Amino acid sequence: MERWRGQEDIPSDWGRCVLTIGVFDGVHRGHAELIARAVKAGRERGVPTVLMTFDPHPMEVVFPGSHPAQLTTLARRAELVEELGIDVFLVMPFTTDFMKLTPERYVHELLVERLHVVEVLVGENFTFGKKAAGNVAGLRKAGERFGFAVEGMSLVSEHHRSESVTFSSTYIRSCVDAGDVVAAAEALGRPHRVEGVVVRGDGRGRGLGFPTANVAPPMYSAIPADGVYAAWFTVLGHGPITGSVIPGERYQSAVSVGTNPTFSGRTRTVEAFVLDSEADLYGQHVAVDFVSRLRGQLRFDSIDDLVLAMGKDTDKARQILSTS
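Residues numbered from 1 in each chain as written. Predicted model: local features only at pLDDT ≥ 70, side-chain atom pairs only at ≥ 80, totals over all residues. Heavy atoms only, no water.

**Q** Mind showing me how you'd approach the nonpolar core here?
**A** In summary, soluble globular proteins display a tendency toward joint burial of nonpolar side chains. By size, the foremost hydrophobic cluster in this structure holds 32 residues, and its most contacted members are Ile21, Met52, Tyr106, Leu111, Leu115, Leu139 and Phe148. Counting only elements with at least two residues in this core, the list comes to β2 (17-21), β3 (49-55), β4 (88-93), α5 (103-112), β5 (117-123) and α6 (136-146). Among the elements that take part in this core, α5 stands out by supplying 5 residues, more than any other. With residues near it in sequence (within four places) discarded, Leu111 still touches Leu19, Ile21, Tyr106, His116, Val117, Val120 and Leu139. (Core = buried A, V, L, I, M, F, W, Y, C linked by side-chain atoms within 4.5 Å. Buried < 20%, exposed > 50% of the residue type's maximum accessible area, 1.4 Å probe, protein only. Helix = DSSP H or I, 4+ residues; strand = E, 2+ residues; numbered from the N terminus. Contact = heavy atoms within 4.5 Å.)

What follows is the structure, given as structure tokens:
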């Protein structure tokens, strides 16, 4: 899969393509259906399928300071859409100038003159251009003028816990924020992932018999609610590791999210105790895939009570992950 950033990366001799547009944060099951339809259309027409996304999130530019929690990094987004068959991953820098493009200029300058689209597939609620004035109906009119087809796909819904749920990035963020990683996984089609670099912590876990990897995620990452979770732990890099962890392999882990109230902590951290491993993971780029919430964050009266609880958490995590 080719990866482009901005219009300057689009080859001057670029041919025609099928295009799908959106933020695609999370690449959830609704996104997957839209992408599958776009890939199919591209193959039927014998042209590449381009996915166009944006960086930063448009909300941050339109309403500074309102950047939503991010379900997937751009790199992770690219990996996921490549698995779904996308040929070109195009990241458009969402600047104030780009925000001011009228729908007419957006279509003519980008879709027609640069990408030479033959078909555009978007969600039925898709909007674009200055003040979000462009919509699917307007896109269809432009398609009639410039000779490209347009399909606005219905949002994907499913009956869940006695109610109908529409899969969206907003819904999944609310699940993650509430610690309901099971519901988030159902909408995503896989466990919610938090990536980051392992940094030095206070080393307290090792002294308690539970050495943890202190994962520092990128800014805006969607972190589950405070508590303890069963999760899969994977080292994503390929650098040297002292110990038994193999890059690319996933390992069972018990993960604490919160401020360590037993020790009057104030900084919110993500700390993963990788089961059956003594590897030195400092500096490694890792992924934590949250499978199940074991309990909320608690303050214990003594270190012994904390260690006892951590042992029970580890046993529960092992049991859950052994059957997942």
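**Q** Got a minute to help me understand the packing of aromatic side chains in this structure?
**A** In this description, a pair of aromatic rings is defined by centroid distance and the angle of the planes. One pass over the full model with this rule turns up 8 aromatic pairs. Taking the centre distance of 4.9 Å and the plane angle of 85 degrees together, the rings of Trp4 and Trp14 count as edge-to-face. Of this pair, Trp4 sits in strand β1 (residues 2-5) while Trp14 sits in the loop between β1 and β2, placing them 10 residues apart in sequence. Aromatic ring contacts, followed pair by pair, group Phe54, Phe94, Phe98, Tyr106, Phe126 and Phe128 into a single cluster. (Phe/Tyr/Trp six-rings, centres within 6.5 Å; stacked < 30°, edge-to-face > 60°.)

**Q** Just checking my understanding: could you explain the pairing of β5 for this structure?
**A** A regular strand places its side chains on the two faces of the sheet in alternate fashion. Extensive coverage of β5 is indicated by the burial of 7 of its 7 residues. Relative to β5, β2 runs parallel, the two sharing 4 bridges. Bridge pairing in β5 places Val18 opposite Glu119. In this structure, β5 lies alongside strand β8 (residues 149-153), joined through 5 bridges in parallel fashion. Its bridge partner lying in β8, Gly123 is registered against Met153. (Pairing = 2+ DSSP bridges.)

**Q** Please clarify how the layout of surface pockets should be interpreted in this entry.
**A** In this approach the atoms are scanned with a rolling probe the size of a water molecule, which exposes any empty space left behind. One number sums up the size of the largest pocket: a volume of about 1,100 Å³. For the largest pocket, the lining is made up of 40 residues, of which Gly22, Val23, Asn125, Phe126 and Thr127 are closest to its centre. Sorting the residues of the lining of the largest pocket by element identifies α1 (29-45), α2 (58-62), α4 (96-99), β6 (127-128) and α7 (169-177) as the ones contributing at least two each. Element by element, the count of residues in the lining of the largest pocket is highest for α1, at 4 residues. Residues that form the lining of the largest pocket fall into these classes: 21 nonpolar, 14 polar and 5 charged. (1 Å grid on protein atoms, 1.4 Å probe; cavity = no way out; pocket = protein on both sides within 12 Å on 5 of 7 lines; lining within 4 Å. Points joined across faces, edges and corners; volume = space filled by probe spheres on them. Nonpolar A, V, L, I, M, F, W, Y, C, P; charged D, E, K, R; others polar.)

**Q** What is the right way to look at the environment of His57 in this model?
**A** Along the chain, His57 turns up in the loop between β3 and α2. The exposure class assigned to His57 is buried, which follows from its relative accessible area of 15%. Sequence spacing of His57 and Arg77 is 20 residues, and the spatial spacing of their C-alpha atoms is 13 Å. If we skip the residues at most four places from it in the chain, His57 touches Val23, His67, Pro68 and Arg173.

**Q** Would you mind showing me how to read the pattern of salt bridges here?
**A** Proximity of charged atoms lets side chains of opposite charge pair with each other. Scanning the entire structure with this criterion turns up 12 salt bridges. A salt bridge links Arg318 to Asp276, with the shortest nitrogen-to-oxygen separation between them at 2.8 Å. Note that Arg318 is positioned in helix α10 (residues 303-322) and Asp276 in the loop between β15 (269-274) and β16 (285-295), a separation of 42 residues in sequence. Two residues, Asp313 and Arg295, come together in a salt bridge whose shortest N-O distance is 2.8 Å. One end of the pair, Asp313, is in helix α10; the other, Arg295, is in strand β16, and 18 residues separate them in sequence. Across the pair, Arg295 and Asp313 agree in class, each one buried. What emerges from the salt-bridge pattern is a single network uniting Asp25, Arg77 and Arg173. (Salt bridge = Lys/Arg side-chain N within 4 Å of Asp/Glu carboxyl O.)

**Q** Which parts of the structure should I look at to understand empty space enclosed by the protein?
**A** In total, this model carries 4 cavities of 30 Å³ or more according to the counting rule given. Quantified by volume, the second largest cavity comes out at close to 100 Å³. Every residue along the wall of the second largest cavity is listed here: Gln70, Leu71, Thr72, Thr73, Arg76, Arg193, Val194, Glu195, Pro218, Ser221 and Ala222. In terms of residue count, the dominant contributor to the lining of the second largest cavity is strand β11 (residues 192-199) (3 residues).

**Q** Explanation requested: the environment of Leu80 in the structure shown.
**A** Mapped onto the fold, Leu80 is located in helix α3 (residues 74-83). Overall, Leu80 belongs to the buried group, its relative accessible area being 6%. A sequence separation of 150 residues divides Leu80 from Ala230, and the C-alpha atoms of the two residues are 23 Å apart. When residues no more than four places from it in sequence are discounted, the contact partners of Leu80 are Gly26, Val27, Thr72 and Arg190.

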